[in-house]
Amino acid sequence: MLVAEAVAVAILVVAFARSPIPSGNDWLNFAILAAGATVHIQLTQRQEERRRNRTKTVLIDLTAVWTFSAAMILPVPLTLFVIGVIRLQHWFIARRPAHNFIFSSITHGLAGVLAHLTYTALGPHVLGADWAGFLREFGTIVLTGAIYEAIQIAYVGGVLLLGSPAGRTVRNVLGSPADNMLEAITIGLGAVTAILLAAVPPMVAVMAVVTVVFNRLAELDQLQNDVRTDPKTGILNMRGWSESAERALERTTRSGDQLALLMVDLDHFKWINDTYGHPAGDDVLRTVAQTLREVTRPSDLTGRFGGEEFLILLPDIDEEATWEAAERIRTAIAKLQIVTTDKRGDPATITDRTASIGVARHPRHGDTLERLLQSADAAVYLAKENGRDQVCFAPDGVTRPAGP
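- Named according to an unreviewed UniProt entry, the protein is GGDEF domain-containing protein originating from Amycolatopsis melonis.

Okay, here's the thing in structure tokens:
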């Protein structure tokens, strides 16, 4: 972290020293952006506090609307000043440890400065009347925004990964698709703000209102996601999974496609809690959930049924592919090496864990979600009675033991 900060500070110092002296118009634009950012931050302070308290990963705070527009239209010193104004106000909202706050502030500064250097290097930027000029400018803005976001993802994600490689998932390090989409939209709003500032400066006041409304929408989206997500594993909870599964089942019924439901039950999970403690059990659940997301298709629905049981709905899949998917999941779980702690807090690694997987297919084992769940549950009991660590179809189907 210190090495990363030292490199970033060196880049900022060099860029600051080589930047031209701001003009009077630059200072006016700085004042407008700083005022807009202040209005945004102060009017959304309580919302940001609530969002931050509910977020366990990196928080997208929507201030890129102001920092990215500053990077596009202001020289390096004033870009850093805008970031400083924003970060200083966030210090009183976030209440995070000083080293975390300093690191994130440097990250914003590095992203802003490198985005500025990219944008100016691809100049001059004149709003021409021909389509070629518009398309070229649009491409330049898109490239600059991509660099701005990529720097933050790589810089923050890299430190998170190096700081705790065992306890981090792809989602925690790089953010979820929704997180990155939110950041991309915010950067887009920043580009619009810069264009308005160059063409019609008073219209920036409208962007201040837009950011407040957008902040509220982001909070509502987070609340909806929290209702559907299991807080311990980060995957869908039973409510969220059931809603999505019902819709998938309706589509399958209309189209006549095939569908399968897998119930994954971790074998002897109580032994883990009794031997290593409940925190270790939670680490196992989180790791298994992440593994299920990695070995399934993007179209598959993964959720936590409760306790040590997981559900996976596989749309548009035939019987043989269902067997292959279930075996792939069983094998992946058996190969896990879960780094955790024991009851005394000492490092420990949990290995050789197995799972019993029950399979139900639509409409063979049920034409409703409730009946499919009952059939898959019965298949799980059959797998456990047959010795665990295997995949079984529902009782009226075929069973297959684990491979060698």
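Picking up after the structure, the text goes on.
Focus on the UniProt feature "transmembrane region" (unreviewed entry) in the protein
Item 1. Using the residue numbers shown here, the UniProt feature "transmembrane region" (unreviewed entry) corresponds to residues 64-86, 98-119, 140-164 and 184-214.
Item 2. What you have in residues 98-119 is 100% helix and 0% strand, and the ends, taken at the C-alpha atoms, are 31 Å apart.

Examining the packing of aromatic side chains
The relation between two aromatic rings is expressed through the spacing of the ring centres and the mutual angle of the planes.
Item 1. In the structure shown here, the tally under the stated rule is seven aromatic pairs.
Item 2. With 6.4 Å between their ring centres and 35 degrees between their planes, Trp-27 and Phe-81 make a pair best called tilted. On the criterion of sequence distance, the pair formed by Trp-27 in helix 2 (residues 24-43) and Phe-81 in helix 5 (residues 76-94) is long-range, its members being 54 residues apart.
Item 3. Seen in terms of ring centroids, Phe-30 and Phe-81 are 6.4 Å apart; in terms of plane orientation they differ by 70 degrees. Their pairing is edge-to-face. Placement of the pair is Phe-30 in helix 2 and Phe-81 in helix 5, with a sequence separation of 51 residues.
Item 4. We classify Phe-30 as buried; its relative accessible area is 14%.

Remarks on the pattern of salt bridges
Item 1. A complete count under the given rule lists 14 salt bridges for this structure.
Item 2. Asp-342 serves as the salt-bridge partner of Arg-344, at 3.5 Å between the closest nitrogen and oxygen.
Item 3. Members of the salt-bridge network, linked through shared partners, are Asp-265, Asp-267 and Lys-384.

Some words on a negative patch on the surface
Item 1. Side chains of Asp-257, Asp-316, Asp-318 and Glu-324 sit close together on the surface and give a patch of like negative charge.
Item 2. In this structure, Asp-316 sits in the loop between strand 3 (309-315) and helix 14 (319-334).

Thoughts on a nonpolar patch on the surface
Item 1. Where nonpolar side chains cluster on the molecular surface, the patch consists of Val-200, Met-203, Val-206 and Val-210 and spans about 270 Å² of accessible area.
Item 2. In this fold, Val-200 is placed in the loop between helix 9 (177-199) and helix 10 (204-228).
Item 3. Residue Val-200 is classed as partly exposed on the basis of its relative accessible area of 40%.

Overview of the pairing of strand 3
Item 1. Counting buried positions along strand 3 gives seven out of seven residues, so the element sits mostly inside the fold.
Item 2. What you see with strand 3 is no split at all: Glu-309, Leu-311, Leu-313 and Pro-315 on one side and Phe-310, Ile-312 and Leu-314 on the other are buried throughout.
Item 3. Across seven bridges, strand 1 (residues 259-266) lies against strand 3 in antiparallel orientation. When the sheet's bridge partners are listed, Leu-262 is paired in strand 3 with Ile-312.
Item 4. With five bridges connecting them, strand 2 (residues 301-306) and strand 3 associate as antiparallel partners. Residue pairing for strand 3: Gly-306 is matched across the bridge by Glu-309.

With respect to the environment of Val-264
Item 1. Looking at the element boundaries, Val-264 is found in strand 1.
Item 2. Along the primary structure Val-264 and Val-380 are separated by 116 residues, whereas in three dimensions their C-alpha atoms are 7.6 Å apart.

Some points on the side chain of Glu-309
Item 1. By the secondary structure assignment, Glu-309 is in strand 3.
Item 2. Within the buried set, Glu-309 has no salt-bridge partner at all; the shortest N-O distance to an opposite charge, 7.1 Å, is to Lys-384.
Item 3. Apart from the residues lying within four places of it in its own chain, the contact partners of Glu-309 are Met-263, Val-264, Asp-265, Arg-304 and Asp-377.

About the criteria used
Residues numbered from 1 in each chain as written. Predicted model: local features only at pLDDT ≥ 70, side-chain atom pairs only at ≥ 80, totals over all residues. Heavy atoms only, no water. UniProt positions renumbered as here; feature names shortened; annotations may be inferred. Helix = DSSP H or I, 4+ residues; strand = E, 2+ residues; numbered from the N terminus. Phe/Tyr/Trp six-rings, centres within 6.5 Å; stacked < 30°, edge-to-face > 60°. Buried < 20%, exposed > 50% of the residue type's maximum accessible area, 1.4 Å probe, protein only. Salt bridge = Lys/Arg side-chain N within 4 Å of Asp/Glu carboxyl O. Patch = residues over 30% accessible without salt bridge, like charges linked within 9 Å, V, L, I, M, F, W, Y side chains within 5 Å. Areas by Shrake-Rupley, 256 points an atom, 1.4 Å probe, with all protein chains shown as cover. Lys, Arg positive; Asp, Glu negative; His and termini not counted. Charge placed at Lys NZ, Arg CZ, Asp CG, Glu CD. Pairing = 2+ DSSP bridges. Contact = heavy atoms within 4.5 Å.

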